[in-house]
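Structural characterization, general
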Amino acid sequence: MAQQLEFGLDTFGDVTNDADGGKLPYAQVLRNLVAQGVLADQVGLDYIGVGEHHREDFAVSAPEVVLAAIAAKTENIHVGTAVTVLSSDDPIRVFERFATLDGISNGRAEVILGRGSFTESFPLFGFDLGQYEQLFEEKLELFAEVRKQHPVTWSGATRPPLTEQRVFPPLANGLLRSWIGVGGSPESVVRTARYGFNLMLAIIGGDPARFAPYVDLFHRALAQFEQPTPAIGVHSPGHIAETDDQAREELWPHHSEMTNRIGKERGWGPMSRESFEQEADSGSLYVGSPETVAQKIATTAKTLGLDRFDLKYSNGTLSHEKLMTSIELYGTVVAPRVRELLAE
């Protein structure tokens, strides 16, 4: 684990409710998200990641635009995605957008690449879901070449070849910090090691310790590929309030409604209050008072040897005001307490 754990935030730009329980306009959700990023910088957090989605319940389809707005109003926080759906995008355009963001933010841009847990972008942009694996593999290979910032010669089956093609703008300082989001596939872990990218484990249920074999596999694969050791992070959902009871009561209706809505699309059974409590007690739901959340993050960080922990702080229609409180407590109370626990 790194000498000092980094603390990040992730959001999908969920469409939240107003004080009367009605949904806010998408434009207001986007402006609120920028305000959340500004607050995250003010309370000393290290990273904010904005997800890419193309569906009704999320407001962000162009995260780099939102990230540029956050970058323009902040000084220190790194800005990136959670995740960029590389399979339905062009890897050269992805690099160009993040290289531009890196320049605007004075070297604070990062990208987390993934296949995406939602597939709406495939028909929207004319990609065949039957090529799901092939698209990601080829585009990741091309992105890795473009990231080196030298003339690219490349060929594959999913796009025209390139011959000594240069890509602009170049980064002012080194390589773009790049991660691959992994949901629990050993093949994805090995692929991440092969390219020498940072590994972001999306742990959204169950005991985080069950991912320890993936961390071990990552280190073994890095050694086999003779790659330097990059960072390991975890992305997990949660919510922080003054007390455990308050945090759980605030989160439960929004988290369960979101989980059940998505679960209905995917054939999951409905979430019960019992399963919610179990995830909060011993699973991967980081909900509670600052001390409760800090203890849980510290345990996960020690168990998995983490370099960064990203709290997925947006939870369905949970209000902007509650999200702002959660961010403030995460930065001002939780992060310092976790550092104390890790130093013991």
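Refer to the structure printed above.
This text gives an overview of the structure that appears in the document. (Residues numbered from 1 in each chain as written. Predicted model: local features only at pLDDT ≥ 70, side-chain atom pairs only at ≥ 80, totals over all residues. Heavy atoms only, no water.)

**As for unusual backbone geometry**
A cis amide bond, omega 5°, links alanine 82 with the succeeding residue valine 83. By the secondary structure assignment, valine 83 is in the loop between β3 (78-81) and β4 (84-85). Cis geometry is adopted by the peptide bond preceding proline 169, which originates at phenylalanine 168 and carries an omega value of 0°. Tracing the sequence through the fold places proline 169 in the loop between β7 (162-165) and β8 (177-182). For asparagine 106, which is not glycine, the phi dihedral falls at a positive 60°. Within the fold, asparagine 106 resides in the loop between α3 (91-104) and β5 (110-114). Given the relative accessible area of 66%, asparagine 106 is considered exposed. Residue glutamine 149 is not a glycine yet carries a positive backbone phi of 60°. Looking at where glutamine 149 falls in the secondary structure, it is placed in the loop between α5 (132-147) and β6 (152-154). (Helix = DSSP H or I, 4+ residues; strand = E, 2+ residues; numbered from the N terminus. Buried < 20%, exposed > 50% of the residue type's maximum accessible area, 1.4 Å probe, protein only.)

**Points about the pattern of salt bridges**
Inspection of the entire model under this criterion finds 28 salt bridges. Aspartate 89 is the salt-bridge partner of arginine 97, the closest N and O atoms lying 2.6 Å from each other. Its relative accessible area of 24% is what places arginine 97 among the partly exposed residues. For aspartate 89, a relative accessible area of 16% gives the class buried. (Salt bridge = Lys/Arg side-chain N within 4 Å of Asp/Glu carboxyl O.)

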